[in-house]
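Each chain, written out:
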Amino acid sequence: MRSKGAVKFFAIALALVCIFQLSFTFIANQWDKKADRYAKGNIDMKRRYLDSAGRKPIMNIGLRKYNYMDVKERALNLGLDLRGGMHVTMEVAMNELIQKLSNNNDDPGFLKALGDAKNIQRTSQRNYIDIFYDEFKKDKPGQRLASYFATLENKAGADGISASSTDGQVLTFLRVQAKSALDRTFNIIRTRIDKFGVTQPNITLDENTGRIVVELPGADDPTRVRKYLQGSAKLEFYQTYTFAELSQQLVDADRTLMLTQEATKAGRTASDSFLKAQRDSTAHVDKIMASKDPKDSAERVKLAAIKQAPKDQPLIKLLVHQKLTEDMAKSPVMGYVELKDTGKINKYLAMDIVKSSFPSDAKFAWQNKPIGEGGQVLELIALRTTGIPEDPAILGGEVIIDARKDVNPQSNSYEVSMQMNTEGAREWSKITRDNINKFIAIVLDNQVYSAPRVNGEIPGGRSQITGNFTANDAGDLANILKAGKLPVRLDIIEEAVVGPSLGAEAIQSGLYSLLAGLVLIIVFMAIYYNRSGWVANLALLINLFFILGVLTSLNAALTLPGIAGIVLTLATAVDANVLIYERIRDELLEGKNMKLAISEGFRQAMSSILDANIVSLLLGIILLTFGSGPIYGFAVILVIGILTSLFSSILITRLIFDWLLEKDSKIDFGNNFLLRNINFDFVGRRRTFYIISGITIVIGIVSLMTRGLNYGVDFEGGSSYVVQFDKPVKTGDVRNLLTKPFNNSAPEVKTFGSDSKIDITTDYLADQGAAASEKLKNIIINELKPLGKVEIISEQRVGATIANDIKTSALSTVGFALLMIFVYMIIRFKHWQFALGATVALAHDILFVLTFFSLLKDVLPFSLDVDQAIIAALLTIAGYSMNDTVVVFDRIREYLNNNKKAPMAATINEAINKTLSRTVITSFTIFVVVLVLFIFGGQIIKGFAFAMLIGIIVGTYSSIFVATPIVVDFQPRTKEIPATV
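Calculation rules
- Residues numbered from 1 in each chain as written.
- Predicted model: local features only at pLDDT ≥ 70, side-chain atom pairs only at ≥ 80, totals over all residues.
- Heavy atoms only, no water.
- Helix = DSSP H or I, 4+ residues; strand = E, 2+ residues; numbered from the N terminus.
- Buried < 20%, exposed > 50% of the residue type's maximum accessible area, 1.4 Å probe, protein only.
- Areas by Shrake-Rupley, 256 points an atom, 1.4 Å probe, with all protein chains shown as cover.
- Expected span 1.5 Å × (residues − 1).
- Arc of directions from axis to C-beta.
- Contact = heavy atoms within 4.5 Å.
- Phe/Tyr/Trp six-rings, centres within 6.5 Å; stacked < 30°, edge-to-face > 60°.
- Lys NZ or Arg CZ within 6 Å of the ring centre and 35° of its normal.
- Core = buried A, V, L, I, M, F, W, Y, C linked by side-chain atoms within 4.5 Å.
- Polar contact = N/O pair within 3.5 Å; in protein donor to acceptor, adjacent residues only side chain to side chain.
- Salt bridge = Lys/Arg side-chain N within 4 Å of Asp/Glu carboxyl O.
- Patch = residues over 30% accessible without salt bridge, like charges linked within 9 Å, V, L, I, M, F, W, Y side chains within 5 Å.
- Lys, Arg positive; Asp, Glu negative; His and termini not counted.
- Charge placed at Lys NZ, Arg CZ, Asp CG, Glu CD.
- Axes fitted to C-alpha atoms, helices over the stretch in contact; angles between N-to-C directions.
- Parallel < 35°, antiparallel > 145°, perpendicular 65-115°, else oblique.
- Left-handed = near helix turned anticlockwise from the far one by under 90°.
- pLDDT = per-residue confidence, 0-100.
- Pairing = 2+ DSSP bridges.

What follows deals with the overall build of the protein. Scanning the protein from terminus to terminus reveals 32 helices and 22 strands. Burial status across the protein gives 54% buried among its 981 residues. Entry remark: accessible area of the protein is about 44,000 Å², with carbon and sulfur atoms responsible for 56%.

Next up on the list: helix α24 (residues 686-706). Compared with an ideal rise of 1.5 Å per residue, which puts 21 residues at 30 Å, α24 spans 30 Å between its outermost C-alpha atoms and is within 8% of the ideal. Along α24, the residues that are buried comprise Arg686, Phe689, Ser693, Gly700 and Ser703. Burial along α24 is one-sided: seen end-on, the buried residues are contained in an arc of 125 degrees. For α24, the exposed residues set more than 90 degrees away from the buried face come down to Ile691, Val698, Met705 and Thr706. As for α24, its buried residues are in contact with α29 (832-855) and α32 (942-969). Just past α24, the residue Gly708 takes up positive phi, approximately 70 degrees.

Below, the discussion takes up the packing of aromatic side chains. Taken as a whole and judged by the stated rule, the model has 28 aromatic pairs. Aromatic side chains Phe20 and Phe24 sit 5.1 Å apart centroid to centroid with 80 degrees between the ring planes, which places their arrangement in the edge-to-face category. Of this pair, Phe20 and Phe24 are both found in helix α1 (residues 4-39), four residues apart, which corresponds to roughly one turn of the helix. With a relative accessible area of 29%, Phe20 lands in the partly exposed category. Taking the centre distance of 5.9 Å and the plane angle of 40 degrees together, the rings of Phe132 and Phe136 count as tilted. Taken together, the positions of Phe132 and Phe136, both in helix α7 (residues 128-139) and four residues apart, correspond to about one turn of that helix. The pair formed by Phe132 and Phe136 is uniform in burial state, with each residue classed as buried. Among the aromatic residues, those joined into a ring-pair cluster are Phe524, Tyr528, Tyr529, Tyr581, Phe602, Phe657, Phe669 and Phe924. Directly above the ring of Trp31 sits Lys34, whose terminal nitrogen or CZ lies 4.5 Å from the centroid.

In this structure, Tyr581, Phe657, Met825, Phe853, Phe889 and Phe944 are the most contacted members of the largest nonpolar core, which totals 135 residues. Setting aside chain neighbours within four positions, we find Phe889 in contact with Met825, Phe829, Phe834, Ala838, Ala963, Thr964 and Val967. Core analysis: the second largest hydrophobic core is formed by 42 residues, Leu101, Ile129, Ile203 and Ile492 among them.

The next thing to look at is the side chain of Ser429. With respect to the secondary-structure elements, Ser429 resides in helix α18 (residues 422-434). In this structure the side chain of Ser429 is engaged in a polar contact, spanning 2.7 Å, whose partner is the side chain of Glu457. Not counting chain neighbours up to four residues away, the residues in contact with Ser429 comprise Glu457, Ile458 and Pro459.

Taken as a whole and judged by the stated rule, the model has 17 salt bridges. A salt bridge links Glu135 to Lys138, with the nearest nitrogen and oxygen atoms 3.5 Å apart. In this pair, Glu135 and Lys138 are both assigned in helix α7, three residues apart and thus about one turn of the helix distant. The class of Glu135 is buried, set by a relative accessible area of 8%. Where Lys137 meets Asp167, a salt bridge forms, and the shortest distance between an N and an O atom there is 3.7 Å. With Lys137 in helix α7 and Asp167 in helix α10 (residues 167-194), the pair connects residues that are 30 residues apart, well separated along the chain. You can call Lys137 partly exposed: its relative accessible area is 32%. Note on Asp167: relative accessible area 14%, which makes it buried. Connected through shared salt-bridge partners, Lys112, Asp116 and Asp139 make up one network.

Together, Lys33, Lys34, Arg37 and Lys56 give the surface a local cluster of positive charge. Note that Arg37 resides in helix α1. Taking the relative accessible area as the measure of exposure, Arg37 reaches 56% and is therefore exposed.

A contiguous nonpolar surface patch, about 380 Å² in accessible area, is contributed by Tyr512, Leu931, Ile935 and Phe936. Per-element accounting of the nonpolar patch gives the leading share, three residues, to helix α31 (residues 904-936). Inspection of the secondary structure puts Ile935 in helix α31.

This next bit is on the packing of helix α6 (residues 108-121) against α7. Viewed as axis vectors pointing N to C, α6 and α7 meet at an angle of 135 degrees, and their least axial separation amounts to 8 Å. Comparing their axes, α7 and α6 come out oblique. The two elements α6 and α7 cross, and the hand of that crossing is right-handed. Along the contact surface, α6 presents Gly109, Phe110, Lys112, Ala113, Leu114, Asp116, Ala117, Lys118, Ile120 and Gln121, while α7 presents Tyr128, Ile131, Phe132, Glu135, Phe136 and Asp139.

Let us now look at the confidence of the model for the protein. Close inspection of predicted coordinates is inappropriate in any region flagged by low pLDDT. Taken as a whole, the protein shows an average pLDDT of 77; of its residues, 80% reach a score of 70 or greater. Here helix α13 (residues 270-289) is the element of the protein with the lowest mean pLDDT, 45, and strand β9 (residues 362-367) is the one with the highest, 91. Of the regions scoring below 50 in pLDDT, residues 281-292 engages in 11 contacts with residues more than four places distant in sequence or in other chains. Across residues 973-981 the pLDDT falls below 50, and counting only partners more than four positions away or on other chains, this stretch makes 22 contacts in the model.

Next up on the list: the packing of helix α30 (residues 868-898) against α31. It is at 9 Å that the axes of α30 and α31 come closest, and there the two elements cross at 150 degrees. Taken together, α30 and α31 sit at an angle that is classed as roughly antiparallel. Note that α30 runs across α31; the crossing there is right-handed. Contact residues: α30 offers Tyr880, Asn883, Asp884, Val887, Val888, Arg891, Ile892, Tyr895 and Leu896, while α31 offers Thr907, Ile908, Glu910, Ala911, Ile912, Lys914, Thr915, Arg918, Thr919, Ser923 and Ile926.

With respect to the element layout, Asn537 can be found in helix α20 (residues 500-553). For Asn537 and Thr653, which are 116 residues apart along the polypeptide, the C-alpha to C-alpha distance reads 9.5 Å. Excluding residues within four positions of it along the chain, Asn537 makes contact with Ile521, Ile522, Met525 and Ala526.

Okay, the environment of Leu50 next. With respect to the helices and strands, the residue Leu50 is situated in helix α2 (residues 43-53). It is 7.2 Å that separates the C-alpha atoms of Leu50 and Tyr68, two residues lying 18 residues apart in sequence. Setting aside residues no more than four positions away along its own chain, Leu50 makes contact with Trp31, Asp32, Ala35 and Tyr68.

Even without a glycine there, the phi angle at Asn104 is positive, about 55 degrees. Mapped onto the elements, Asn104 comes out in the loop between α5 (94-101) and α6. One non-glycine residue with positive phi stands out, namely Asp664, at about 60 degrees. Take Asp664: it is sitting in the loop between α23 (630-662) and α24.

The element strand β19 (residues 718-725) is largely enclosed, with a buried count of seven among its eight residues. Bridge count between β19 and strand β21 (residues 757-762): six bridges; the pairing is antiparallel. Considered in β21, the bridge of Ser720 is made with Thr761.

Structure (structure tokens):
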């Protein structure tokens, strides 16, 4: 073996990286267990324990120290289906954005074009603006876009438009504005998610469709999530108080709070304690004010009052002031508070007895970004309102028409330039004139993003905000400022909630299937190949280690389909070792010594292994490109697994064999020879199998046309709920109780693993927004009370828009996959007959699986809904079938090259018979592993596993009895199959 050193170096390097990455998962799990033992089931205690861990290092690697949050962020990321949480897909209302850019033009033809474009977008992958333009030309022929969009606000800036702008220029303007609005919306949502309080959230943006996908692990309150994500971003400008101006009031509030707490403990009334607090506070301040130290100004006296406050005071002790300087006294920062204490501060400041200590126009807000080491401290800012409850800010963000990131040429630092409209410029000029040397706070959603000092009057509405900005900080702030101009509505078009109990069940079932499948593979390889089987098993374990390490390194989520992908990857990884071992056995039977047999076995098996895995890799890449949800999670594992399997199955095993040969150790490939002396006439019997396949396909087509398929919610739209009862119930009773409330439309009701767990699917209110989900949940809980205690442990809602897109994406994925495989087979085997045979076999396999799903859809005791997971299964079946077909074709090509004068039928029969042992072993191994997945993998993945079981059987059959006969029958009658190299 060449380049042993390079292989060893890469293997060691990859192993070290995987150990490093997986160590975070190990440490995080250890601390989670400590927190569970400490809390004893109390969620709040567990959270406080982990918050404490989040502030101090728990893991040191070199010079880098990691706290709990750092470790948790780098741990293996589990998908929502394994740990519970909420998945939300939101769509930006681009039609409203375009209408707002037209200054809310109410021309009927214009509005019709907007509405038609919105309807077309439901089933289209095109950009909304392009669709709108097409509809605009239909509804308003001869009209120019500029007549609707050349408003005063749209003329501003370098990219502005005028009445003379062409349609192309206006479209460019609209696209820029749409992208900017989408980016700003995404930025706001991302900021909110960071504040939501979940670990390892995930948020992605699809610019073409204007959709934002959010995953919140651990989130179990859908109503709160919807309000949090869909709330409008409110930008405001406030005057501020200084620390010195409120320091006395802070002392009063703190003493009032302290004495109130003492009074409560002693049983006195709050009013008594309040009066006592006022007297004590006044006496305390008077005493300090009487200080004869000439250095004490009135301002410094107030600061001293804060510094000398007793440490047991509830409010002041949480406001950390290490160095009270005069500059800080003049700033609006009231204190620096640890994240864990912000809830207490909020609670105190909301109390009436505390609020009464401060001026009525005072308001407190937190800065948006933590500061300090590890980002564990927030500044508390004192705002001065107008005193008008309906309009507390001195200026609203709607006046901002442009904002951008700039670089100050003098200081070479980043700053933000903003431009206001005419009214805003006038107000801004007055505000800055009246607040020279004071601070103006820029507040978004009650969080302070910046509080710059005003150095002078700013006329014209253009000004700069300076600060210690990075490039990203300045860009984000510019986006936040612009958010006031175009607040874009977000519609939730898909959501899914997985309860913690269902997630824990999924983890357990997934791990059982993974371990059981792994054990079965190890036992079979050890029995069938003896000592060499243990070499393959070692490579298999290394492969599993590499998969998990790489998955963690990429911060990709491990999902239940992902676990299925691991199980399948481990099974198919064995195929490479089976191919190699069977080749080595052939060489040993020819009398070659062990060293030469091993070398030749690896060399001759390489072509088949690479061809088969390249096809699977192509499928994986296609799934990654077009897939979403469970398809994407499965594809991530598939691609990682193919690459690590090739490395471990070929290179690692070769290193081990070379080491054994150098040590002169005994190497044994077993004495069990399965199907070695078979001589079946596959070519001669091909018409029999054509008839068998033809009859089945006809039955399938008839069934698909008459019975059809059960489509999942993600293909049809609607809502699905998994409901847990405290005792077994009948599906008929559930259906009857819900039919009338669901507008006399009977829902689909199925058991979900047990008689006490029911899956309810309905299209009732499918065309309504997020409010429909709460209404449906209330109906289910209230109407099913007669059957016992009811708990909704999982829910999924998919709007018609995204359902159409998922269906389109799935069909595109399957079609593109078949096309890519056809092209690859032509390139690899040089003749279109091979490509045709492989592609027809794939279509044959997919149709067979769909036939069974149609025939058995209402017969089996588990769901056979066709959804995204089943599409992933169909493509995996295609990959397996191709793997098998390529191996058979590879051996046919080899035999044809070596026996150019032999009869074609005899040569092909010999090639198939020679590969039959490998085909049966691999198929058997994968079938048993998937059977374990079907038994232990849980209800969620049963349909996927069932499709795989059928696909493995049919894929093995079609590789031999469909693909190869087609190659034979489509050759010219006058000559044999041409040999290829």
